[in-house]
Each structure stands twice: as structure tokens, then as C-alpha cells.
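Coordinates in review
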Amino acid sequence: QVQVVESGGGLVQPGGSLRLSCTVSGSTPSRTDMGWYRQAPGDERELVADITSGGTTNYASSVKGRFTISRDNAKNTVSLQMNSLKAEDTAVYYCHMFDYHYNTHYWGQGAQVTVSS
């Protein structure tokens, strides 16, 4: 059984930095996309950034140049370094993995990120 567990998040002032990490355990497939989504109150869940098994990255335009996604395939982890945070980055951030073999989505439990002075 695959489990997706996030860590990190918290409260930070505008302009600050935070790092989110996610570890996937269990039977991990070889070809996956991993990434981060976020959902603010009253909004739909949106893609923040994702990365393929081969390392190709994709970012939402709102975070490009401020956030960096990375993954370690050997450790089954994905991280999101968030710099120059803004109030509008406040949301619950979800780790996501898509398994191409079984065409299945996996989600973490969510991590709160609050940007406020």
C-alpha cells in the first residue's frame, strides 16, 4: 500500500522561506509524476509544481522563479523550496503522486502554509 506523507509548512512572514518535503512509502512504481498542489479557502485545488521521473519540471506562473521542486528517486521523496513568499501563497499544500502503471493518483494529508506578518 502506498502512503504519501508531507512534512514542513507553518507560519512565515512575507518575503520569507519555507521548505515542504514529502516521502512516499510502500510499493512505489518506477514511473511517476510527483508534485505539489495547494488549496486556499473558497478556492479550487491548483497545481503549484510537478516533476517527472526524468526530472522535467513544471510550475504555475504565479510561483515561477520563487519556488523550486526537486525529487530523489532513490529515496522516493519530493521537496518544494518556497522563497519570497507572499500572502497569496497561504493555503493547504498537498503532495501528489501519479502512477502511470496503474493510472492512480495518491495524495498526502496536506500541510498548512500561512504567510502573514
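Residues numbered from 1 in each chain as written. Predicted model: local features only at pLDDT ≥ 70, side-chain atom pairs only at ≥ 80, totals over all residues. Heavy atoms only, no water.

**Overview of the side chain of Thr 32**
We count it as follows: Runs of H or I in DSSP of at least four residues are treated as helices and runs of E of at least two as strands, each being numbered from the N terminus. Categorising residues by exposure relies on relative accessible area from a 1.4 Å probe, with only protein chains included: less than 20% of the type maximum marks a residue as buried, more than 50% marks it as exposed, and the intermediate range marks it as partly exposed. In protein, a polar contact requires one atom able to donate a hydrogen and another able to accept it; more generally it is a pair of N or O atoms within 3.5 Å, and residues adjacent in sequence count only if both atoms are side-chain atoms. Here, two residues are considered to be in contact whenever any of their heavy atoms come within 4.5 Å of each other.
Position of Thr 32 relative to the elements: it lies in strand 4 (residues 32–39). Assessed through its relative accessible area of 2%, Thr 32 is described here as buried. There is a polar contact of 2.8 Å between the side chain of Thr 32 and the side chain of Arg 71. Once residues lying within four places of it in the same chain are set aside, the contact partners of Thr 32 are Ile 51, Thr 52, Ser 53, Arg 71, Met 97, Phe 98, Asp 99 and Tyr 100.

**A closer look at the nonpolar core**
The line we're drawing: Throughout, nonpolar core names a set of buried Ala, Val, Leu, Ile, Met, Phe, Trp, Tyr and Cys residues whose side chains join them through atoms within 4.5 Å.
Formed by 28 residues in total, the largest nonpolar core has its most connected members in Trp 36, Leu 80, Met 82 and Tyr 93. Contributions of two or more residues to this core are made by strand 3 (18–25), strand 4, strand 5 (46–52), strand 7 (67–72), strand 8 (77–82), strand 9 (91–99) and strand 11 (111–115). Apart from residues lying up to four places away in sequence, Tyr 93 is in contact with Glu 6, Leu 20, Trp 36, Tyr 37, Arg 38, Val 48, Phe 67, Leu 80, Met 82, Gly 110, Ala 111 and Val 113.

**Here's the deal with unusual backbone geometry**
For Asn 76, which is not glycine, the phi dihedral falls at a positive 55 degrees. Position of Asn 76 relative to the elements: it lies in the loop between strand 7 and strand 8. Taking relative accessible area as the criterion, Asn 76 reaches 24% and is therefore assigned partly exposed. In this model, Asn 103 sits at a positive phi of 50 degrees, which is unusual for a non-glycine residue. Inspection of the secondary structure puts Asn 103 in the loop between strand 9 and strand 10 (104–107).

**Details of the sheet that holds strand 7**
What counts is decided by this rule: Only strands that DSSP links by at least two bridges are regarded as paired with each other. To get an axis, fit a line to the C-alpha atoms, keeping to the stretch in contact for a helix; angles then go from 0 to 180 degrees between the N-to-C directions.
On the basis of which strands lie adjacent, the open sheet formed by four strands has the order 1-3-8-7 and antiparallel pairing. Since the sheet does not close on itself, it has two edges, and those belong to strand 1 (3–8) and strand 7, each with one partner. Taken pair by pair, the neighbouring strands of this sheet meet at an average axis angle of 15 degrees, ignoring direction. The pairing of strand 3 with strand 8 spans six bridges and is classified as antiparallel. Each bridged residue has a counterpart across the sheet, and for Leu 18 the counterpart in strand 8 is Met 82.

**Considering the pairing of strand 5**
One ladder, built from six bridges, connects strand 4 with strand 5; its direction is antiparallel. Residue pairing in the sheet places Arg 38 in a bridge with Glu 46 of strand 5. Of the strand pairs in this sheet, strand 5 and strand 6 (residues 57–59) are connected by three bridges, and their pairing is antiparallel. Bridge pairing links Ile 51 to Thr 57 in strand 6. Turn length for the strand 5-strand 6 hairpin, with the two strands adjacent in sequence and antiparallel, is four residues, and the turn residue Gly 55 shows positive phi of about 100 degrees.

**Structural notes on the state of the cysteines**
As a reminder of what qualifies: Put simply, a disulfide is two cysteine sulfurs that come within 2.5 Å.
With the rule as written, the count across this model stands at one disulfide. Paired through a disulfide, Cys 22 and Cys 95 show a sulfur-sulfur distance of 2.1 Å. Here Cys 22 and Cys 95 share a disulfide; its torsion about the S-S bond, -85 degrees, makes the bridge left-handed. Pair noted here: Cys 22 is in strand 3 and Cys 95 is in strand 9, with a separation of 73 residues, a long-range link. Here the two residues Cys 22 and Cys 95 agree in accessibility, since each one is buried.

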